[in-house]
Amino acid sequence: DQQVKQNSPSLSVQEGRISILNCDYTNSMFDYFLWYKKYPAEGPTFLISISSIKDKNEDGRFTVFLNKSAKHLSLHIVPSQPGDSAVYFCAAISGDKLVFGAGTILRVKS
Amino acid sequence: DVKVTQSSRYLVKRTGEKVFLECVQDMDHENMFWYRQDPGLGLRLIYFSYDVKMKEKGDIPEGYSVSREKKERFSLILESASTNQTSMYLCASSFLSRISNQPQHFGDGTRLSIL
């Protein structure tokens, strides 16, 4: 039973446009959410997080939105750059553990 | 800067072998984790440890065991490797959540192939 779902396996976006990556969760007890970025042959690296008491967190080109009533979060990347091409994982914190989604492959075309 | 080091980037082993994957972190983190990453399944937690000699099962512990004899080192053991354990294995570490909300830091992974 997947508690964190990323329903889009891949996304293709033109350079300079907005990338929107989506994530849904089922456990209303999650109180912290994170996005990780992973390049091939490297480990995931932390990108941005949001507490469940907030609905938005921004860091440069990256913004995460949380809609608790819909149990949905999204990552916006504006403007998208070719170097953003990677796999993006949504994750939720449960105690000391992370529960990951399946990931979305983002391709930014120049 | 946090450094999580996995001893091998690539490993090829045979069915039935006992396989050891090693991970070392240099940030004095209490928590250490082992995941496997498979296409379409994301990262799945195998085992984690929140202290020396302590271990907790994750979501998919079958066929694996772990060892944490020192705080900085966490080993994953495949007791008798099988072909369905061919995967990318990722080690991570973090402070205890009650101490810090810092995220987990990952190593670069070990691509393990079981023939």
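Residues numbered from 1 in each chain as written. Chains lettered and ligands numbered in written order. Predicted model: local features only at pLDDT ≥ 70, side-chain atom pairs only at ≥ 80, totals over all residues. Heavy atoms only, no water.

As for the interface of chain A and chain B
- In this assembly, 18 residues from chain A lie in contact with 21 residues from chain B.
- Carbon and sulfur atoms make up 58% of the area that chain A and chain B hide from each other, which totals about 1600 Å².
- When the buried area of chain A at its contact with chain B is split by residue, Asp96, Lys97 and Phe100 of chain A rank highest and sum to 33% of it.
- At the surface where chain A touches chain B, the tally comes to zero salt bridges. (Contact = heavy atoms within 4.5 Å. Buried area = accessible area lost by both parts, 1.4 Å probe. Salt bridge = Lys/Arg side-chain N within 4 Å of Asp/Glu carboxyl O.)

Let's talk about the packing of aromatic side chains
All names here are of chain B.
- Applying the stated criterion to the full structure yields 13 aromatic pairs over all chains.
- Aromatic pair Phe33 and Tyr35: ring centres 6.2 Å apart, planes at 25 degrees, arrangement stacked.
- On the basis of relative accessible area, Phe33 is assigned to the buried category, the value being 0%.
- Residue class for Tyr35 comes out buried when judged on its relative accessible area of 0%. (Phe/Tyr/Trp six-rings, centres within 6.5 Å; stacked < 30°, edge-to-face > 60°. Buried < 20%, exposed > 50% of the residue type's maximum accessible area, 1.4 Å probe, protein only.)

Describing the nonpolar core
- Residues Phe33, Trp35, Leu73, Leu75 and Tyr88 of chain A are the most contacted members of the largest nonpolar core, which totals 24 residues.
- Contributing elements (two or more residues each) for this core: β3 (19–25), β4 (32–38), β5 (45–51), β7 (62–67), β8 (72–77), β9 (86–94) and β11 (104–109) of chain A.
- The element that contributes the greatest number of residues to this core is β9 of chain A, accounting for four residues.
- Not counting residues within four places of it along the chain, the set of residues in contact with Phe33 of chain A comprises Tyr25, Ile48, Ser49, Ile50, Ser52, Leu66, Leu73, Ala91 and Ala92 of chain A.
- Among the nonpolar cores identified, the runner-up in size contains 20 residues, and Trp34, Tyr64, Phe74 and Leu112 of chain B belong to it. (Core = buried A, V, L, I, M, F, W, Y, C linked by side-chain atoms within 4.5 Å. Helix = DSSP H or I, 4+ residues; strand = E, 2+ residues; numbered from the N terminus.)

Overview of the state of the cysteines
- Using the criterion set out here, one finds two disulfides over all chains in the structure.
- The disulfide partner of Cys23 of chain A is Cys90 of chain A, and the S-S distance across this bridge is 2.0 Å. Disulfide Cys23 of chain A-Cys90 of chain A: torsion about the S-S bond near -70 degrees, hence left-handed. Note that Cys23 of chain A is positioned in strand β3 and Cys90 of chain A in strand β9, a separation of 67 residues in sequence.
- What makes Cys23 of chain A buried here is its relative accessible area of 1%.
- In this model, Cys23 of chain B is linked to Cys91 of chain B through a disulfide, with the two sulfur atoms separated by 1.9 Å. Between Cys23 of chain B and Cys91 of chain B, the disulfide has an S-S torsion of -80 degrees and is therefore left-handed. Of this pair, Cys23 of chain B sits in strand β3 (residues 19–25) while Cys91 of chain B sits in strand β9 (residues 87–94), and the two are 68 residues apart along the sequence. With respect to burial, Cys23 of chain B and Cys91 of chain B carry one shared label: buried. (Disulfide = S-S within 2.5 Å.)

Things to note about a nonpolar patch on the surface
- On the surface, Ile18, Ile20 and Val78 of chain A cluster together into a nonpolar patch covering about 230 Å² of accessible area.
- Note on Ile18 of chain A: relative accessible area 42%, which makes it partly exposed. (Patch = residues over 30% accessible without salt bridge, like charges linked within 9 Å, V, L, I, M, F, W, Y side chains within 5 Å. Areas by Shrake-Rupley, 256 points an atom, 1.4 Å probe, with all protein chains shown as cover.)

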